[in-house]
Amino acid sequence: MFESLIGLVAIIALFVIISRQQSRIGLIERELGALRSLVLSGAVSPAAKPSEQEAAEGEAYTAPVAAPAADIAPAAISEPAPVQATEAEIPAAESVPGPWSTPEATPKTPEVLPAAVAKAARQSDVETALGTRWAVWVGGIALALGGLFLIRYTIEAGIFGPGVRLTMAAVLGLVLVAAGEFIRRTGFKVPVQGVAGAYIPAVLTAAGAFILFGTVYAAHGVYGFIGPALAFMLLGAIGIATIAAALVHGQALAGIGLVGAMVTPVLIASQAPNPWALFGYLAIVLAATGVIARMRDWKALMAAAFFGTGIWTILYMTDAPGANLSAILFIDTVTLAVLALVWLSSRGDETGPARIFDWPSIVPGLFVAFSALGLSVDPVFAAAGDALPGAVLLMVMVAVALYRPLALPLLYAPGLATVLIYLGIIPPTSIASDFSSGALGVDGMPLATANALSLRLGIGLGVVFIAAGLWAARRFAASAQIRAASWAAWGVIAPLVILLALWFTFGDLDRDFVYAAVAALLVVVFAAGGEWIARAEEPPLRGGVAVSFALGGAAVASLLMLHMAFGSGWTTTLLGAAAIVPALATRWRSYPVLGWISVAAVIAVLGRVAFDPTIVGAEFLSTTPVFNWLLPGYGVPALAFGFAAWQLANTTDGRPRLAMEAAAALFALLTLAILVRHAMHGGVINSDAPTLAEQAIYTLIAIGAGAILIAIDRRSPSSVLRYGSMAVGVVSVAFVVIQHFLVLNPLFTDESTGRIPVFNLLFLAYLLPAVAAGGLALYSRGKRPKWYSAMLALVAALLAFAYATLSVRRLFKGEFIGLWSGLGQLETYTYSALWLVIGVALLTAGVWLKSQVLRIASAGLIAVAVLKVFLFDMSELEGVLRALSFIGLGAVLIGIGLFYQRLLTRAAKEKG
């Protein structure tokens, strides 16, 4: 049962491995068969003779493809000279003549060979897979399992004692290894095309190594014949020897040896574990693997070795009580040394643009950075003062990345670790924390401890990242843009995060001139560094991604400087004014990032305003209308954004200029709106729902914004401005319908309309918006869709109608015109007359402006007047007012009919 299960698992594993390679190998076999057929048919010159080819290519051979028996005549085999071959020397798509191969003979019918050979190649795929590759691998596994089963049988049958059984197993393993070496040395080559992956010497060696591993472990773990020290040495030696044998047998054997070497510390238990023995052993395995992987350029093997070493390091740090710092630093140093001095040594493409980074270096970068992170933030290590060695590890990783440019992950890993370390020292404000024992904690898990050492290490790490980042960015600016951008990015990100964390932890959050001075210094360094990098670009001063990161870092540092040195009011004002600086810089440098830095200033000011619309806080905001902190807080950014837009229009003239124009218009409208709200609410801008007067101003601002966006779009066409202007117009119409006509209408709220006869609330809330909407409707004709202009014209007409109607009611009712105060007969008649007059006026304006919307509006209003006269006036009015109502209605209707008749007659004459 047990044996069958193992065999089944082995066969399934082999099936998965081989099936993935089957299609590719079959394709290569068919292509080589077709190529051979071309050579035999004379279409291509025959290959050089074996002796000439051997002299030209050394030990590289060209493999003859198995052809039908009718095409190749057998010949006597001359005595071949023993030639050694390795899997690395045998390309996967070639086969090599060996002791069992036959030399080629002249084909009898070369004209029919191409089709015959191609057909034979297709038919032999399954036969080749079963007879060469599957048979070899299953046979190798069978040998290894057979040895173990033989030992198990002797145990169950009691035939031999433990010592004899172990000796027999060891002899079997050595015999298999020796057999593999013998076959390799006696001239063995892969005789069939495409089966280098089933190299028999490698399979025998792997089976022997597998048996030797099991024998040594059984001698120690099962029978106790040898102690842990000797077992440890033997298993390690077998693992390293197996890895070394991979030089002549291929990468698969190296993987088996590496797995065995890495699991050896698990198999061998000790009552008094010694970390130096463990990490010394791992250092030897890692170095040996690095040398072999470098010789054959086996990236997967190197990454696996780094992974195993890293896992052991992390397990030791997390599980071992009182971990030895020196041992941790030793294995991390060895890891970085193997990466820099062995694996990445003498690579000619380190500075070339073809390869950005070496992917196996991701693994040591991850584990060494995690080790440094643990030394810095874990309470046990931090309390022992191990944060300093952790910071040194991070600096060494940056140095290795400088020394070996392909080790770019060794820049990202310490950068992320540094960011996590210094974000971890910021005291949490919105989550539970525990400051007992001097440590911060979230849900009982300690994060980090902030002390004077954190301050000094932060300064040191910041200097290292700045110096290395800017220098490397300049070095690669012309040859490797992505690499240069990576260095520039971490050269600004890490120092800025460190500065922010130290300010939050050790500085004065209200105002701290010391940290503001440091931020100002960073502004100068990053700006100068960006210029320094730009001069090394090809062509110079192009302003690539690396330059963008450096100048973006200067912008963020300037933001921090303003927050550190000034109060909220000055910060908002100066931050808006700072948008001018990068716009002015475009006079001397055409870096694309400069305009976007101005846009970033807009976003920062918007965020600041959204956080605190009062600019200085509600308790510090003056109640004086207009002349308070709101004026510079909103007005100065509006002016600065407008100037920046003008400057960008004269230099770069790109998308940032459009964004700055929109920002200037937005902040101009915000300035007006916020000042109006402040004045109308007695210095309070966060009160309840606005009044009709305040809403009227907002409506005027929205209509004005729509006109401004249309004007900007006509000068600099943009889909954002086009649809934005229409959106603003729709919003203004919604304001009118919902607020002016329904929610805040003084007919329903009985709000005071003011004591002044003309310039009162009705003038502000209805007449002015009617004029503004009508003007925007005229201005947008031909520039926006017809429905947009028609919508605005209709709203303008309704506002004018509402103004006239409500003004009549105010004339009769006074300051308060609530609907529940009733209607008088004269007032009722006046409405009829007024609506007829307005209808005629709208008709005249519609004819003069050639606006169908106005003409339809006049018809609708006159229809309403007719219905009112016949349904309401007839029952409510009496005497002369009823007569005058009907007389006036009739006169107006007749006049309208006469007007239309003359209009149509004139149109007919013009056509005729």
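No experiment lies behind these values; they were computed from the predicted model shown.

Visitor: Outline the overall build of the protein, supporting the account with residue identities and numerical values.
Guide: Within the protein one finds 31 helices and two strands. For the protein, with 912 residues in total, the buried portion stands at 44%. In the protein, once contacts between residues fewer than 6 apart in sequence are set aside, the share between residues at least 24 apart is 73%. When the accessible surface of the protein is split by element, carbon and sulfur atoms take 71% of a total near 43,500 Å².

Visitor: How would you explain helix H18 (residues 545-565) if you had to name every residue and give the values?
Guide: Across its 21 residues, H18 extends 30 Å between first and last C-alpha, which sits within 8% of the 30 Å expected from 1.5 Å per residue. Buried within H18 we find Ala 546, Val 547, Ala 550, Leu 551, Gly 553, Ala 554, Ala 557, Leu 560, Leu 562, Met 564 and Ala 565. Check the buried side of H18 and you find it contacts helix H15 (452-476), helix H16 (481-506), helix H17 (513-535), helix H19 (568-577) and helix H21 (592-611).

Visitor: A description of the pattern of salt bridges should follow, citing residues and the corresponding values.
Guide: Applying the stated criterion to the full structure yields five salt bridges. For Glu 531, the salt bridge goes to Arg 589, with nearest N and O atoms at 2.7 Å. Of this pair, Glu 531 sits in helix H17 while Arg 589 sits in the loop between helix H20 (580-585) and H21, and the two are 58 residues apart along the sequence. We classify Arg 589 as partly exposed; its relative accessible area is 24%. Glu 661 is the salt-bridge partner of Arg 657, the closest N and O atoms lying 3.4 Å from each other. Remark: Glu 661 and Arg 657 occur in helix H23 (residues 655-680); sequence separation between them is four residues, near one turn of the helix. Taking the relative accessible area as the measure of exposure, Arg 657 reaches 7% and is therefore buried. Shared partners join several salt bridges into a network, and the residues in it are Glu 531, Arg 535 and Arg 589.

Visitor: For the nonpolar core, give the residues involved together with the corresponding values.
Guide: Counting residues in each nonpolar core, the largest one holds 105 residues, and the members touching the most others are Leu 282, Met 302, Leu 410, Tyr 422, Trp 487 and Met 564. Setting aside residues up to four positions removed in sequence, Met 564 forms contacts with Leu 499, Trp 503, Arg 511, Asp 512, Tyr 515, Ala 516 and Ala 519. Within the second largest apolar cluster, 31 residues are counted, among which are Ala 696, Phe 763, Ala 796 and Leu 806.

Visitor: Any details on helix H22 (residues 630-650)? Residues and values, ideally.
Guide: Taking 1.5 Å of rise per residue, 21 residues should cover 30 Å, and H22 covers 30 Å from first to last C-alpha, within 8% of that figure. Of all the positions in H22, only Leu 630, Gly 633, Tyr 634, Gly 635, Pro 637, Ala 638, Ala 640, Phe 641, Ala 644, Ala 645, Gln 647 and Leu 648 are classed as buried. Looking at the buried residues of H22, the elements they touch are H19, H20, H21 and H23.

Visitor: Could you give me a rundown of the side chain of Glu 537, with the residues and numbers involved?
Guide: Structurally, the position occupied by Glu 537 is in the loop between H17 and H18. Among buried charged residues, Glu 537 stands out as having no salt bridge; its nearest opposite-charge side chain is Arg 542, 4.2 Å away. Looking at Glu 537, its side chain comes within polar contact range of the main-chain nitrogen of Gly 544, at 2.7 Å. The residues touching Glu 537, leaving out its near neighbours within four places in the chain, are Ala 477, Ala 478, Arg 542, Gly 543, Gly 544 and Val 547.

Visitor: So what about the packing of helix H27 (residues 761-780) against helix H28 (residues 786-813)? Which residues, and what values?
Guide: Where H27 meets H28, the axes come as close as 8 Å, and the angle between the chain directions of the two elements is 160°. On the basis of their axis angle, the class for H27 and H28 is roughly antiparallel. The crossing of H27 and H28 is left-handed. Side by side, H27 and H28 meet where Leu 762, Phe 763, Ala 765, Tyr 766, Leu 767, Pro 769, Ala 770, Ala 773, Gly 774, Leu 776, Ala 777 and Ser 780 of the first sit next to Tyr 788, Ser 789, Leu 792, Ala 793, Ala 796, Leu 799, Ala 800, Ala 802, Tyr 803, Leu 806, Ser 807 and Arg 810 of the second. Residue composition of the contact of H27 with H28, grouped by class: 19 nonpolar, four polar and one charged.

Visitor: So what about the side chain of Arg 404? Which residues, and what values?
Guide: Tracing the backbone shows Arg 404 in the loop between helix H13 (387-403) and helix H14 (409-423). In this structure the side chain of Arg 404 is engaged in a polar contact, spanning 3.5 Å, whose partner is the side chain of Tyr 403.

Visitor: I'd like a description of the environment of Tyr 831, backed by residues and values.
Guide: Topologically, Tyr 831 is positioned in helix H29 (residues 825-849). Residue Tyr 831 is classed as buried on the basis of its relative accessible area of 7%. Between the alpha carbons of Tyr 831 and Ala 804 there is a distance of 9.1 Å; along the sequence they are 27 residues apart.

Visitor: Which residues make up the packing of aromatic side chains, and what are the values?
Guide: According to the stated counting rule, one finds ten aromatic pairs in the structure shown. Judged by centre distance (5.2 Å) and plane angle (80°), the rings of Phe 641 and Phe 667 are edge-to-face. Highlighted residues: Phe 641 in helix H22 and Phe 667 in helix H23, separated in sequence by 26 residues. For Phe 667, a relative accessible area of 0% translates into the label buried.

Visitor: I'd like to hear about unusual backbone geometry, residue by residue, with values.
Guide: Here the bond from Glu 538 into Pro 539 is cis, since omega is 0°, no more than 30 degrees from zero. The residue Pro 539 is located in the loop between H17 and H18 in this model. Its identity is not glycine, yet Val 626 carries a phi of approximately 70°, on the positive side. Within the secondary structure layout, Val 626 lies in the loop between H21 and H22. The backbone of Asp 750 shows a phi angle near 60°, a positive value even though the residue is not glycine. By the secondary structure assignment, Asp 750 is in the loop between helix H26 (746-749) and H27.

Visitor: Account for the confidence of the model for the protein, with residues named and values stated.
Guide: Overall, the prediction assigns the protein a mean pLDDT of 75, with 66% of residues at 70 or greater. Note on residues 1-21: pLDDT under 50 across the span, and 13 contacts to partners over four residues away in sequence or across chains. Overall, residues 120-124 carries pLDDT values under 50, and its contacts beyond four positions in sequence, including any with other chains, amount to three contacts.

Visitor: Would you mind going over the packing of helix H25 (residues 719-743) against H28 in detail, with residue names and values included?
Guide: H28 packs onto H25 with a crossing angle of 25° between their chain directions and a minimal axis gap of 11 Å. As the angle between them shows, H25 and H28 are arranged roughly parallel. Helix-helix and strand crossings are classified by hand; for H25 and H28 the assignment is left-handed. Taking contact as the criterion, the partners of Ser 725, Met 726, Gly 729, Val 730, Val 733, Val 736 and Phe 741 in H25 are, on H28, Trp 787, Tyr 788, Met 791, Leu 792, Val 795, Leu 798, Leu 799 and Ala 802. Broken down by class, the residue content of the contact of H25 with H28 amounts to 13 nonpolar, two polar and no charged.

Cut-offs applied
All residue numbers refer to position in the chain's written sequence, counted from 1. The predicted origin of the model limits local features to residues at a pLDDT of at least 70 and limits the giving and counting of side-chain atom pairs to 80 or more, whereas totals for whole chains, interfaces and linings rest on all residues. Note that the side-chain values use all heavy atoms of the structure and ignore hydrogens as well as water. Secondary structure counts use DSSP, requiring at least four H or I residues in a row for a helix and at least two E residues in a row for a strand, with both numbered from the N terminus. Think of it in three bands: with a 1.4 Å probe and only protein chains considered, a residue is buried below 20% of the maximum accessible area for its type, exposed above 50%, and partly exposed in between. Contact criterion: two residues are considered in contact whenever any of their non-hydrogen atoms come within 4.5 Å of each other. Note that accessible areas follow from Shrake-Rupley with a 1.4 Å probe, and for residues the cover is restricted to the protein chains shown. Multiply 1.5 Å by the residue count of a helix minus one, and that product is the helix's expected span. Salt bridge, as applied in this entry: a Lys or Arg side-chain nitrogen positioned within 4 Å of an Asp or Glu carboxyl oxygen. By nonpolar core we mean a set of buried residues, namely Ala, Val, Leu, Ile, Met, Phe, Trp, Tyr and Cys, connected to one another through side-chain atoms within 4.5 Å. Charge counting follows a simple rule: Lys and Arg are positive, Asp and Glu are negative, and His as well as the terminal groups are ignored. Within 3.5 Å is the distance limit for a polar contact, defined as a pair of N or O atoms, with the added protein rule that one can donate a hydrogen and the other accept it, and that residues adjacent in sequence qualify only through two side-chain atoms. Note on definitions: angles span 0 to 180 degrees between N-to-C directions of axes, and those axes are lines fitted to C-alpha atoms, for helices only across the stretch in contact. Angles below 35 degrees are treated as roughly parallel, those above 145 as roughly antiparallel, those between 65 and 115 as roughly perpendicular, and all remaining angles as oblique. In a left-handed crossing the near helix is turned counterclockwise from the far helix by less than a right angle, and in a right-handed crossing that turn is clockwise. Put simply, Ala, Val, Leu, Ile, Met, Phe, Trp, Tyr, Cys and Pro go in the nonpolar bin, Asp, Glu, Lys and Arg in the charged bin, and everything else, Gly too, in the polar bin. Aromatic contacts are taken between Phe, Tyr and Trp rings whose centres are within 6.5 Å, Trp giving its six-membered ring; a plane angle under 30 degrees counts as stacked, one over 60 as edge-to-face, and the others as tilted. Confidence per residue, as judged by the predictor, is encoded in pLDDT with a range of 0 to 100.

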